[in-house]
Amino acid sequence: AASPAPRSARAPSLPESTAEAAGAGRAARGVYRGPERRGGGGVAAAWGMMMDGSAAGTSNGGSGADGDAARRNNTRMPKYSKFTQQELPACKPILTPKWVVSVFFLVGVVFVPVGVVSLLAAQDVVEIIDRYDHACVPPNMTDNKLAYIKNDTISKECTRILTVTKEMKQPIYVYYQLDNFYQNHRRYVKSRNDAQLRDYKKSNTTTSCDPERFTADGKPIVPCGLIAWSLFNDTYSFTRGKENLTVNKKDISWKSDREHKFAKNVYPSNFQNGALIGGKKLNSSIPLSEQEDLIVWMRTAALPTFRKLYGRIYVDLKANDTITVRLSNNYNTYSFGGKKKLVLSTATWLGGKNDFLGFAYLIVGGLCIFLAFAFTLLYLIKPRKLGDHNYLSWNRHPAGR
Amino acid sequence: MFWNLTVQGSANLWFAAFQMENLFSTARGADNVIYERLADGNYDIKKTSREHLEQFGSAGLRTLCLAYRDLSMDQYKSWNEKFVQAKSSLRDRDKKLDEVAELIEKDLILIGCTAIEDKLQEGVPACIETLSAAGIKIWVLTGDKMETAINIAYACSLVNNDTKQFIISSETDTIREAEDRGDPVEIARVIKESVKQSLRSYLEEARRSLSNTPERKLAFIIDGRCLMYALDPALRVNLLGLSLICHSVVCCRVSPLQKAQVTSLVRKGARKITLSIGDGANDVSMIQAAHVGIGISGQEGMQAVMASDFAIAQFRYLTDLLLVHGRWSYLRLCKVITYFFYKNLTFTLTQFWFTFQTGFSGQRFYDDWFQSLYNVIFTALPVIMVGLFDKDVSASLSKKYPQLYQEGIRNTFFKWKVIAVWGFFAFYQSIVFYYFTAAASQHGHGSSGKILGQWDVSTMAFTCVVVTVNLRLLMSCNSITRWHYFSVAGSIAAWFLFIFIYSAIMTSFDRQENVYFVIYVLMSTFFFYLTLILVPVIALFGDFLYLSLQRWLFPYDYQVVQEMHKDDPHEYSMIRLPERSHLSPEEARSYAISMLPRENSKHTGFAFDSPGYESFFASQQGVCVPHKPWDVARRASMKQQRQQPQRTGRS
């Protein structure tokens, strides 16, 4: 025994020889002493050995005092931390009946009022929708709408009479709605060049604008691309009796688009000059940042049915007012079976007449309250003692293997 | 002049010692190996040694036979040439070495036998009992004699007095008679026949017992020589069938190769997950043949440890390794994998639904960067936290209810059903994300009446996806540490931080600035906030409903255990090993025995051994050690066993 001191200190009553002999028997126990002395707990020791066989080999080799002394200096026990030892304090949530019922109830209690408020807001909105693409085709052309819309010599003027169903407070928003128009088509969405729109120095940049990059004689088109080319070009004007209802077309686009994406010093050029005219022509003396119809149009819609803001009317309309709409039905939706609608709508804090959110909140809230009761009932009808050991699988099927 | 040469031969290890002209080689090995190679004659010493061997074996000692053979220098030289040749051959070296060894390992003269006492490691019986309760089937593959092996099985509670034992041994009268006649072909035929018959009759008996008295434990014990024939392709099916019916299987006197063969028999034949644990060099092949190989580091050298997947210091740590860390790892892996499926499915399906409304043009719903960073940043960290920290029940409870391990054996958490449930909810959520956001975004928003575009809708949907997917993770956690909160909140915050910066910058590169200012536009509307609350709640509604119903009506075992112990104080140091300051009576006894002067062998490393030696040596030393009831019972059963093989031999 090289250093009997610590050993005899622990087992003073043992004679030297037996102490040595006991080395083998003790070696295993000695392994745990090390960490205890360090105050780290036995865990680390067990793990140190599990992960590192060679360290364990030396400590388990345990030839008495030698091993003990060596162990003290030469341990590979990892430093103790709650993180590595997986002993971080943790919250252990259990879905007890109490929790389930209260979560459902809480969601219900919060959602139902929100739903009611949203629904009321949506109900306040008055909306007049008029589909005119069909009605504006002259009766003799209904069989051949495409010929009608492509023929420039036929007047596209059209008059629609709208009746206000309920009182509409100003501002009244004028939207046009297109159906079956895939503004989200992959080829369509990418057919634009943002750099060109916001920087006059890059007006020649027309990458990704195919097939509307250059005119026939090779000049770059500004704004290039299919989106701009297909700009909606129906126009509306409204009268109530004799009174002209001016449509204010200022601030119909998002401010960020106006100020950052469309530059003040970029002017349309070579636009709609080709043989195939897609839509509205732009006044080339007005910078893009003020072409709000274009800006609105170029914020492409997510769904094939979409509305775009056309303008606002700052006049209150009373119930049963008749409004005469003079529109020019220029835009060709006939070739792809699209629909065109004119929408007059008011708005609340939540926006237009979209009761989806309100109904969704109300239904989910209602369902949650119902489920809160249903679960209460379930817990009463089919009670189960929490932590009933009869539910353990090996107690349910004792033979279970 | 003295040197010795060691060769790894068929008889475990043999070495030749040369002293100038007087040459002799000695061999040591298991009795069956040595006896085969003995020269004729000397029946007295053979018989005495055999008796001794049996006696030692019943006492649970490890036995070895020693033999020697005189060699002349010429014999040695001619042999050595062949040996060197074999040693340096490039092809089939092992086989050739065996052949050469065979040349010299014959006509040995028995010297005698040795018996070594070999202490069982601490806690082995308890460990094996726990593992059995966990539904793990334990096979003991040992080089020990059958008597020793059965003793060990008793000590480890693998076999008790109620257990019905099926023993196939080569130590039967019929086989001995054949051996005495000395014709190797005849011996092989006799052994094969007897193995075949006993396997068939045992299999029938075991099946009958299983159907009549299913609660009765069955044990199957076979020795290496018979195993060699039982592993024959023709008999293998019966062997496997019988072994799988029996609760425990003991194979004794098996060679390292046979250990590996048995392991792969179970692995391939029964398509079960196998784990091998051993401490010696002869366990290496078995450790490598199993799915999971565990080496015990100890006195027997490092070969087992180096060949293993995991190394532990003592056998009993296997409980911790399997029941605690193995089980946690299984749970975590299942959770992480299914969650990965879920989060990618739910995200990708929203894109899929969008495709239906773009004229199938393949327009992407989300901005490229959203897609790229989704898995990298916005949903990466929380799932790692689950992989690191999730615990269903604490370590001490894992060991207290070893049956919980069966959930892993049955693969409860990674069945098709589980994946299908996740898949279904991913499907449901993706519908909610896409259609609800799209529907809610229709028409004007806010009092300005302005309209949202495609990128506004997709950013809204993506925000909902990130929030929901991260919250869903929190819902599936069994234990939530501060790192969970941190990572979940951090992931959601990272998304907002990213989108705030991303939509505020414009670069001079030629790219589409689709999401420029989108988040600010969105956040200026009530729609954003109402949707942000609505959509995740509806998306998680289904999961919550499912979890509540599942927990109440069809609780998993771990959930019941959680409920049983939900009011327990937090145990932070759960793996702490038992205190050693107070010795239990049993420990005190083993301590007293370890004090015996003769017992200063350093042997502690063997994995399997019987505490029965204590009384064996103690009685020789005149120390009175009280017999335990099972000691007595075991002795009684040993006598029976010695007769049993004879009976089967005759049948």
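Values in this document were obtained by computation on a predicted structure and should not be read as measured data. (Residues numbered from 1 in each chain as written. Chains lettered and ligands numbered in written order. Predicted model: local features only at pLDDT ≥ 70, side-chain atom pairs only at ≥ 80, totals over all residues. Heavy atoms only, no water.)

1. Re the sheet that holds strand β4 (residues 172-179) of chain A
Backbone hydrogen bonds hold the strands of a sheet together, and the pairing may be parallel or antiparallel. Residues and elements named next belong to chain A. For the record, the criterion: Note: two strands are recorded as paired if DSSP finds a minimum of 2 bridges between them. Helix and strand definitions follow DSSP, with helices as H or I runs of at least four residues and strands as E runs of at least two, each counted in order from the N terminus. Only the contacting stretch of a helix is used when fitting its axis, a line to C-alpha atoms as for every element, and angles between N-to-C directions run 0 to 180 degrees.
Spatially, the four strands line up as an open sheet ordered β2-β9-β4-β7, and their pairing is antiparallel. Only two strands of the sheet have a single partner each, and these edge strands are β2 (127-131) and β7 (306-313). On average, each strand axis in the sheet is inclined to that of its neighbour by 20°, with strand direction left out of account. In this sheet, strand β9 (residues 339-345) lies alongside β4 in antiparallel orientation, the contact comprising seven bridges. Along β9, the bridge assignment pairs Asp179 with Lys339.

2. A word on the state of the cysteines
Residue and element names in this part refer to chain A. For clarity, the threshold we go by: Note that a disulfide, as used here, is simply two cysteine sulfur atoms within 2.5 Å.
Across all of its chains, the model carries two disulfides over all chains by this definition. Shown here is the disulfide that connects Cys136 with Cys158, its sulfur atoms set 1.9 Å apart. Taking the sign of the S-S torsion, about -75° here, the bridge from Cys136 to Cys158 comes out left-handed. Of this pair, Cys136 sits in the loop between β2 and α7 (145-150) while Cys158 is found in strand β3 (residues 157-163), placing the two residues 22 residues apart along the sequence.

3. Thoughts on the UniProt feature "binding site: ATP" (unreviewed entry) in chain B
All names here are of chain B. Counted only if it meets this: UniProt positions are given in the numbering used here, feature names are shortened, and annotations may be inferred rather than shown by experiment. Accessibility here uses a 1.4 Å probe with only protein chains present; expressed as a share of the type maximum, an area under 20% marks a residue as buried, one over 50% as exposed, and anything in between as partly exposed. Contact definition: two residues touch when any of their heavy atoms are within 4.5 Å. Contacts described as polar in this section are N or O atom pairs within 3.5 Å, which, within protein, must combine one atom able to donate a hydrogen with one able to accept it, while residues neighboring in sequence count only if both atoms come from side chains.
As annotated in UniProt, the feature "binding site: ATP" (unreviewed entry) corresponds to Arg62, Thr142, Gly143, Asp144, Arg253, Lys259, Asn282 and Asp283 in the numbering used here. Residue class for Thr142 comes out buried when judged on its relative accessible area of 5%. Dropping the residues within four chain positions of it, Thr142 is found in contact with Ala149, Cys251, Cys252, Arg253, Val254 and Lys259. Reaching out from Thr142, the side chain makes a polar contact with the backbone nitrogen of Asp144 at a distance of 2.9 Å. Mapped onto the elements of the fold, Asp144 is located in the loop between β6 (138-141) and α6 (146-155). The exposure class of Asp144 is buried, given its relative accessible area of 6%. The residues touching Asp144, leaving out its near neighbours within four places in the chain, are Arg62, Ala149, Ile152, Cys252 and Arg253.

4. Let's talk about the interface of chain A and chain B
Test applied: Here's the idea: put two parts together, see how much 1.4 Å probe accessible area each one loses, and the total over both is what we call buried area. What counts as a salt bridge is simple: a side-chain nitrogen of Lys or Arg found within 4 Å of a carboxyl oxygen of Asp or Glu. Each residue gets one label: Ala, Val, Leu, Ile, Met, Phe, Trp, Tyr, Cys and Pro are nonpolar, Asp, Glu, Lys and Arg are charged, and the others, such as Gly, are polar.
Taken together, the contacts link 111 residues of chain A with 120 residues of chain B. Interface area, chain A with chain B, both sides summed: about 10,100 Å², of which 63% is carbon and sulfur. In this structure, the connection of chain A to chain B is made through three salt bridges. Lys450(B) is the salt-bridge partner of Asp251(A), the closest N and O atoms lying 3.1 Å from each other. Linking chain A with chain B are 25 residue pairs in polar contact (both at pLDDT 80 or more). No other element matches the 11 residues that helix α13 (residues 356-381) of chain A contributes to the side of chain A that touches chain B. The class makeup of the residues in the side of chain A that touches chain B is 58 nonpolar, 30 polar and 23 charged. Here strand β1 (residues 90-91) of chain A runs beside strand β13 (residues 480-481) of chain B; their pairing, made up of two bridges, is antiparallel. By the bridge assignment, Cys91(A) is partnered in β13(B) with Ile480(B).

5. Quick look at α13(A)
Stated precisely, the cut-off is as follows: Multiplying one less than the number of residues by 1.5 Å gives the expected span of a helix.
The terminal C-alpha atoms of α13(A), which comprises 26 residues, lie 36 Å apart, in line with the 38 Å expected from a rise of 1.5 Å per residue. Listed as buried for α13(A) are Leu357(A), Gly358(A), Ala360(A), Tyr361(A), Val364(A), Gly365(A), Cys368(A), Leu371(A), Ala372(A), Phe375(A), Leu378(A) and Tyr379(A). Each element contacted by the buried residues of α13(A) is listed here: α6 (97-124) of chain A together with α19 (416-440) and α23 (526-553) of chain B.

6. What to know about the side chain of Arg312(A)
The cut-off we apply is this: Asp and Glu are treated as the negative residues and Lys and Arg as the positive ones, with His and the ends of the chain left uncounted.
Examined against the element boundaries, Arg312(A) turns out to sit in strand β7. Buried charge without a salt bridge: Arg312(A), with Asp251(A) as the nearest opposite-charge side chain at an N-O distance of 4.2 Å. Polar contacts involving the side chain of Arg312(A) include one to the main-chain carbonyl oxygen of Lys250(A), which spans 3.1 Å. Residues contacting Arg312(A), with those up to four places away along its chain left out, are Pro171(A), Ile172(A), Tyr173(A), Thr246(A), Val247(A), Asn248(A), Lys250(A), Asp251(A), Ile252(A), Ser448(B) and Lys450(B).

7. Comments concerning the pairing of strand β11 (residues 292-296) of chain B
All names here are of chain B. Short version of the rule: When the strands point away from the viewer and the path from the first strand over the helix to the second turns clockwise, the crossover is right-handed.
Along β11, four of the five residues are buried, which leaves the element largely enclosed by surrounding structure. Where strand β10 (residues 275-278) meets β11, four bridges bridge the pair, whose relative direction is parallel. Paired with Ile277 across the two strands is Ile294, which belongs to β11. Crossover β10 to β11 through helix α12 (residues 284-289) is right-handed. Pairing geometry for β11 and strand β12 (residues 310-312), over three bridges, is parallel. By the bridge assignment, Ile294 is partnered in β12 with Phe310.

8. Here's the deal with the UniProt feature "transmembrane region" (unreviewed entry) in chain A
The feature "transmembrane region" (unreviewed entry), as given by UniProt, occupies residues 99-122 and 359-381 of chain A in the numbering adopted here. Secondary structure over residues 99-122 of chain A splits into 100% helix and 0% strand, and the C-alpha atoms at its two ends are 34 Å apart.

9. Some remarks on the nonpolar core
Note the following rule: Among buried residues, those of type Ala, Val, Leu, Ile, Met, Phe, Trp, Tyr and Cys that are joined through side-chain atoms within 4.5 Å constitute a nonpolar core.
In terms of nonpolar packing, the biggest core is built from 94 residues, with Phe104(A), Phe370(B), Phe462(B) and Trp495(B) touching the most fellow members. Beyond its immediate stretch of four places on either side in the chain, Trp495(B) contacts Phe370(B), Phe378(B), Thr459(B), Phe462(B), Thr463(B) and Val466(B). In terms of nonpolar packing, the next biggest core, distinct from the first, is built from 50 residues, Met298(A), Ile313(A), Leu327(A) and Leu342(A) among them.

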